[in-house]
Amino acid sequence: MGLEQNKALMRQWLAEGWSKGNVDVADDIISPDFKVHGAGGQVVQTGNQGVKELVRTWRVAFPDGNMAVLDDIAEGDLVGVRLLWTGTHLGDFYAASPTGNKVSCMSIGIDEVKEGQITGGRKNGKIPGGWGELESAGLQPQGGR
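Parameters at a glance
- Residues numbered from 1 in each chain as written.
- Predicted model: local features only at pLDDT ≥ 70, side-chain atom pairs only at ≥ 80, totals over all residues.
- Heavy atoms only, no water.
- Pairing = 2+ DSSP bridges.
- Helix = DSSP H or I, 4+ residues; strand = E, 2+ residues; numbered from the N terminus.
- Salt bridge = Lys/Arg side-chain N within 4 Å of Asp/Glu carboxyl O.
- Buried < 20%, exposed > 50% of the residue type's maximum accessible area, 1.4 Å probe, protein only.

## Quick notes on the pairing of strand S2 (residues 66-75)
Strand residues, when the strand is regular, have side chains that alternate between the two faces of the sheet.
Here is step 1 of the chain: In this structure, S2 lies alongside strand S3 (residues 78-88), joined through 9 bridges in antiparallel fashion. Across the sheet, residue isoleucine 73 finds its bridge partner in S3, namely glycine 80.
Here is step 2 of the chain: As consecutive antiparallel partners, S2 and S3 are separated by 2 residues, and within that stretch glycine 76 has a phi angle of approximately 60°, a positive value.

What follows is the structure, given as structure tokens:
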């Protein structure tokens, strides 16, 4: 896959999975043995199911959440993104009860993108691993409804 295709695949995952909450798209994009090498302190289980659970946690807490890609770069089989998450805290988020406040936080992710392999007659996900850092101070209340 070319560099622009790699960035497009990453943007598809962020738009469909994170912003729209369509976590099942992970079955086509994220490798079943996806490995998180760092997630800003969040615990993420290995595999696309772990990534789905991470997104579900955020989507329950911030049902109107949006993941905006501010910048993306690609080099070799790596895609780096600078992201802005915004949403309204309407559900439990780890140990934090809902506040009804709008929040925003920045993050940076670097994911490996490879051509999917065919296993058992099905092409598996194309993103086998990633690294991420989250600026969690932005999750603090930013004002009322």
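## Quick notes on the pattern of salt bridges
Here is step 1 of the chain: Inspection of every chain in the model, using the stated rule, returns 10 salt bridges.
Here is step 2 of the chain: Residue lysine 7 is joined to aspartate 72 by a salt bridge in which the shortest nitrogen-to-oxygen separation is 4.0 Å. Remark: aspartate 72 occurs in strand S2 and lysine 7 occurs in helix H1 (residues 3-19); sequence separation between them is 65 residues. Summarising the burial analysis for this pair, lysine 7 and aspartate 72 share the class buried.

In short, geometric facts, not functional conclusions.
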